[in-house]
Amino acid sequence: MDFKKEITNILNEKIQDLSVSEILEMIETPPNSQMGDYAFPCFKLAKLFRKSPNVIAQEIASSVEENKLFEKVQNTAAYVNFFVDKSIFAKNVIEEIFSQKDSFGSSDLGKGKRVIIEFSSPNIAKPFHIGHIRSTVIGNAIYKLYEFLGYDTVTINHLGDYGTQFGKLIVAFKKWGDEKEVEKNPIPTLLKLYIKFHEEVENDPTLEDEGRLWFKKLEDGDEEAKGLWQWFREVSLKEFARVYDMLGISFDSYAGESFYSDKMPSVLNKMEEKNLLNESKGADIVDLSDYNMPPALIRKSDGSTLYITRDITAAIYRKEHYDFYKNIYVVASQQNLHFQQWIKVVELMGYDWAKDCVHVPFGLVSLEEGTMSTRKGRVVFLEDVLRKAVEQTTDIIKEKNANLSNIDEIAKEVGIGAVIFQELSNNRIKDYTFSWERTLNFDGETGPYVQYTHARACSVLRKAGIEIDNGIDYTLLSNEEAMDLIRDLQKFPQIIQEAARKYEPSIVTRYIVDVAQSFNRFYHNCPIIVEDEKLKKARLLLVYVAKQTIKNGLRLLGMKAPEKM
Ligand code: ARG
């Protein structure tokens, strides 16, 4: 039963001048349930009917004939308010969730459409720091949302494994490095070398030239350069794998920047053909002044390519290889200009699919002591954050529930979940300051709170120990707390679609906090395991579908839903 459709049909008979789809679009959800479950605003009709919107709303409301789907239809000012029959509504929502279970909220909206989600993309030989957690966690949630909506998804980790900095690192390693130390503690050791390079450059600027030379050698396929680079890449990837493992994330492709090194010449030729390249002091640039942007530097005077060249090449490769419907990049807002520039260049090359490349930016993370700086060694490692969160959770669980059987596993699910949830709590574009205290605080609207609510629901169902089925008397769920919860549950499919459309997982995060709160109000005010068998069965079914919805929401955010906590 689709109430919105039913309302549209009723209204369509009365307002011939609006099409079915126009009416459907105008139907709103009132801010609170005292004003009904659906509302139809009449402002737009004033001109058409030559009457005031209030009068129109009143006339429409009073002309609606009796209909068993609606308890009542009445107007408040310029709105026609529809109050659905509670038990029909409850039955509708609950049966849908009960029959769909793990796939409740999914759809086939994306059938046959391939969407690439590029996210995480850390840099080789550099720390996987808390700045990367944003791309990693937001990107993973966006991937799960699209997957759930039936899109054919491809996840790509565009590793930063190429560029001048590798020339510098090779120089630093050759001068000051120690193989054993790198093997033992790869990223911190490589990071130290990188920092040392930048310190030494202050006294000896020729080091910069040496670094450039070694990158050029790498691009030209020099054995020694390639060998060292490959080794840096391998040891770094091993470290990254540990973090991905903890987060339960994997990628379909790890084609990083270096993957495109042999694909760039033909792209440069194509730019040449299109007359896009201008020479400037021996370098090649694309002039973007017509679009109010600084020029895109495509090739340096020594012939070496740049980050932007690799992005352009990667996009063209992806179109040819994957024929995407959308190519999504979850990358920090500091790179807004970079994305605007290269997407414009792709468009100027004559590729009309440039419009299908979407940059999904997110705000800056800074530390309480200032912005993060890899060169200055001012970084917080993501792995440390995850480990600390797990340790602290273990302590809390031991204190509260010492006889829990698999504490380690649950502490991992809750601790890491807390970090993910906090990351996804705010609009992605907002900047924020990382604080250990906030991340490890489990009170309030946090991941552990939602997970605990889920575990509480599981515990009630376990205790009841009866088979849950949907053959219940739905009029028993018409009290306020039950209805508020059911109304929340009903929104889930729309929430998923909105979050995917806006590339905004925080919509899901905030939604499941609402569901958890409604559930807890229901749980506190409506005893569930009661004498009255019929009432018990009805309330248990609602507990079951609420639990299912929370679980589906957590899964889409990349979190686990433990059954005991
Ligand atoms: N490796 C880059 C960084 O850590 C992010 C790469 C973003 N993706 C892209 N296609 N440019 O800042």
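Residues numbered from 1 in each chain as written. Predicted model: local features only at pLDDT ≥ 70, side-chain atom pairs only at ≥ 80, totals over all residues. Heavy atoms only, no water.

Student: What exactly am I supposed to notice about the side chain of Thr8 here?
Tutor: Considering the arrangement of structural elements, one finds Thr8 in helix H1 (residues 3–14). Dropping the residues within four chain positions of it, Thr8 is found in contact with Val20, Ile23, Leu24 and Ile27. (Helix = DSSP H or I, 4+ residues; strand = E, 2+ residues; numbered from the N terminus. Contact = heavy atoms within 4.5 Å.)

Student: Would you explain the packing of helix H7 (residues 164–176) against helix H9 (residues 186–203) in this entry?
Tutor: A pair of packed helices is captured by two measures, namely the crossing angle of their axes and the spacing between those axes. The interhelical angle for the contact between H7 and H9, taken along N-to-C directions, is 95 degrees, at an axis separation of 9 Å. Considered as vectors, H7 and H9 are oriented roughly perpendicular to each other. Contacts from Gln165, Lys168, Leu169, Val171, Ala172, Phe173 and Trp176 of H7 reach H9 at Leu190, Leu193, Tyr194, Lys196, Phe197, His198 and Glu200. Of the residues assigned to the contact of H7 with H9, the class counts are 9 nonpolar, 2 polar and 3 charged. (Axes fitted to C-alpha atoms, helices over the stretch in contact; angles between N-to-C directions. Parallel < 35°, antiparallel > 145°, perpendicular 65-115°, else oblique. Nonpolar A, V, L, I, M, F, W, Y, C, P; charged D, E, K, R; others polar.)

Student: So what exactly am I meant to see when it comes to H1 here?
Tutor: One turn of an α-helix holds 3.6 residues; hence residues three or four places apart share an orientation. The terminal C-alpha atoms of H1, which comprises 12 residues, lie 17 Å apart, in line with the 16 Å expected from a rise of 1.5 Å per residue. Considered for burial, the residues of H1 that qualify are Phe3, Ile7, Thr8, Ile10 and Leu11. With its buried residues spanning 165 degrees around the axis, H1 presents them on a single face. Turned more than 90 degrees away from the buried face of H1 sit Lys5 and Glu13, all of them exposed. Check the buried side of H1 and you find it contacts helix H2 (20–26), strand S1 (38–41), helix H4 (53–63), strand S2 (70–76), strand S3 (79–84) and helix H5 (86–100). For H1, the N-terminal capping position is held by Asp2, with its side-chain oxygen 3.1 Å away from the main-chain nitrogen of Lys4. (Expected span 1.5 Å × (residues − 1). Buried < 20%, exposed > 50% of the residue type's maximum accessible area, 1.4 Å probe, protein only. Arc of directions from axis to C-beta. Polar contact = N/O pair within 3.5 Å; in protein donor to acceptor, adjacent residues only side chain to side chain.)

Student: Mind showing me how you'd approach the sheet that holds S1 here?
Tutor: Across a sheet, paired strands are connected by hydrogen bonds in the backbone, their directions being either parallel or antiparallel. With antiparallel pairing, the 3 strands of this open sheet are ordered in space as S1-S3-S2. In the strand order of this sheet, the two ends are held by S1 and S2, each with one partner. Neighbour-to-neighbour, the strand axes of the sheet open up by a mean angle of 15 degrees, direction not taken into account. For S1 and S3, the ladder comprises 4 bridges, and the chain directions are antiparallel. The partner of Ala39 across the bridge, within S3, is Asn81. Its contacts with the sheet put H4 on S2 and S3, and the angle it makes with S2 is roughly 160 degrees. (Pairing = 2+ DSSP bridges.)

Student: Sorry, what's going on with the site of the ligand here?
Tutor: The environment of the ligand is formed by Glu118, Ser121, Asn123, His132, His158, Tyr307, Asp311, Tyr329, Val331, Gln335 and Phe339. Asp311 places a polar side-chain atom, nitrogen or oxygen, 2.7 Å from a nitrogen atom of the ligand. Of the residues contributing to the shell around the ligand, the split by class is 4 nonpolar, 5 polar and 2 charged. (Near = heavy atom within 4 Å.)

Student: I'm lost on the packing of aromatic side chains in this one. Help?
Tutor: Geometry of an aromatic ring pair is reported as the spacing of the ring centres plus the angle between the planes. Evaluated as defined, the whole model comprises 30 aromatic pairs. In this structure an aromatic cluster arises from ring pairing among Phe119, Phe128, Phe240, Tyr244, Phe251 and Tyr254. Of note, Lys113 hangs over the ring of Tyr325, and the distance from its end group to the ring centre comes to 5.1 Å. The cationic tip of Lys196 hangs over the ring face of Trp176; the distance from NZ or CZ to the ring centre is 5.2 Å. (Phe/Tyr/Trp six-rings, centres within 6.5 Å; stacked < 30°, edge-to-face > 60°. Lys NZ or Arg CZ within 6 Å of the ring centre and 35° of its normal.)

Student: For this particular structure, what's the right way to read a negative patch on the surface?
Tutor: Where like charges cluster on the molecular surface, the negative patch consists of Asp178, Glu179, Glu181 and Glu183. Residue position: Asp178 is located in the loop between H7 and helix H8 (179–184). Assessed through its relative accessible area of 40%, Asp178 is described here as partly exposed. (Patch = residues over 30% accessible without salt bridge, like charges linked within 9 Å, V, L, I, M, F, W, Y side chains within 5 Å. Areas by Shrake-Rupley, 256 points an atom, 1.4 Å probe, with all protein chains shown as cover. Salt bridge = Lys/Arg side-chain N within 4 Å of Asp/Glu carboxyl O. Lys, Arg positive; Asp, Glu negative; His and termini not counted. Charge placed at Lys NZ, Arg CZ, Asp CG, Glu CD.)

Student: I keep staring at unusual backbone geometry and nothing clicks. Help me out?
Tutor: With glycine set apart, most residues show a phi of negative sign, and most peptide bonds adopt trans. Here Lys101, not a glycine, exhibits a phi torsion of approximately 50 degrees, which is positive. You can see Lys101 is positioned in the loop between H5 and strand S4 (114–118). Using a relative accessible area of 30% as the deciding quantity, one classes Lys101 as partly exposed. Phi is positive for Tyr503, which is not a glycine, with a value near 50 degrees. Along the polypeptide, Tyr503 turns up in the loop between helix H20 (492–501) and helix H21 (506–525).

Student: Sorry if this is basic, but what is going on with the pairing of strand S6 (residues 277–280) here?
Tutor: Strand residues, when the strand is regular, have side chains that alternate between the two faces of the sheet. Summarising the sheet, S6 and strand S7 (residues 283–286) pair through 4 bridges and their orientation is antiparallel. Across the sheet, Glu279 pairs through a bridge with Asp284, a residue of S7. Where S6 hands over to S7, the hairpin turn is made up of 2 residues, of which Lys281 adopts a positive phi near 50 degrees.

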